[in-house]
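Results of the structural survey
For reference, the chains in residue letters:
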Amino acid sequence: MDRNGGGAVADRPSGAQKAWLARGLGQPGGKLPLFDEQGQRVSERTIRACLDKGWAEPWFDNPLKPDWLVCRLTDRGRGLFD
């Protein structure tokens, strides 16, 4: 049992997580955005939760902004949209 108290429900992304992951579907390499549609940084909490579930993975380090997580969609993340 996970910290959310369930199995299957906890394995589904929240609305914010799914919206962020969906934006990688049409991008080269599945690149996920650093900013939302309003120009705000995507929540680190959202990103880390998706990384923890295996829906996204770190892609490369950004030498200009080392604290930014540049990520891409994984096959498991793509599977959420099948």
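Our subject is the structure listed above.
In this text, all values refer to a predicted model and were calculated from it rather than measured experimentally. (Residues numbered from 1 in each chain as written. Predicted model: local features only at pLDDT ≥ 70, side-chain atom pairs only at ≥ 80, totals over all residues. Heavy atoms only, no water.)

**Digging into the pattern of salt bridges**
As a reminder of what qualifies: We define a salt bridge as a contact between a side-chain nitrogen of Lys or Arg and a carboxyl oxygen of Asp or Glu at a distance within 4 Å. Runs of H or I in DSSP of at least four residues are treated as helices and runs of E of at least two as strands, each being numbered from the N terminus. Burial here depends on accessible area, computed with a 1.4 Å probe over protein chains only, as a share of the maximum for the residue type. Under 20% is buried, over 50% is exposed, and the range in between is partly exposed.
In total, this model carries 4 salt bridges according to the counting rule given. The salt bridge partner of Glu37 is Arg23, with a shortest N-O separation of 3.7 Å. Placement of Glu37 in the loop between α1 (15-22) and α2 (44-53) and of Arg23 in the loop between α1 and α2 is noted, with a sequence separation of 14 residues between them. Taking the relative accessible area as the measure of exposure, Glu37 reaches 59% and is therefore exposed.

**Considerations on the nonpolar core**
In plain terms, the rule: What is meant by a nonpolar core is a set of buried Ala, Val, Leu, Ile, Met, Phe, Trp, Tyr and Cys residues, joined one to another through side-chain atoms within 4.5 Å. Throughout, a contact is declared for two residues whenever any of their heavy atoms are within 4.5 Å.
Core analysis: the largest hydrophobic core is formed by 12 residues, namely Trp20, Leu21, Leu32, Val42, Ile47, Cys50, Leu51, Trp55, Ala56, Leu69, Cys71 and Leu73. Looking at this core element by element, the count peaks at 3 residues for α2. Once you skip the residues sitting within four places of it in the chain, Cys50 turns out to touch Gln17, Trp20, Leu21, Trp55 and Ala56.

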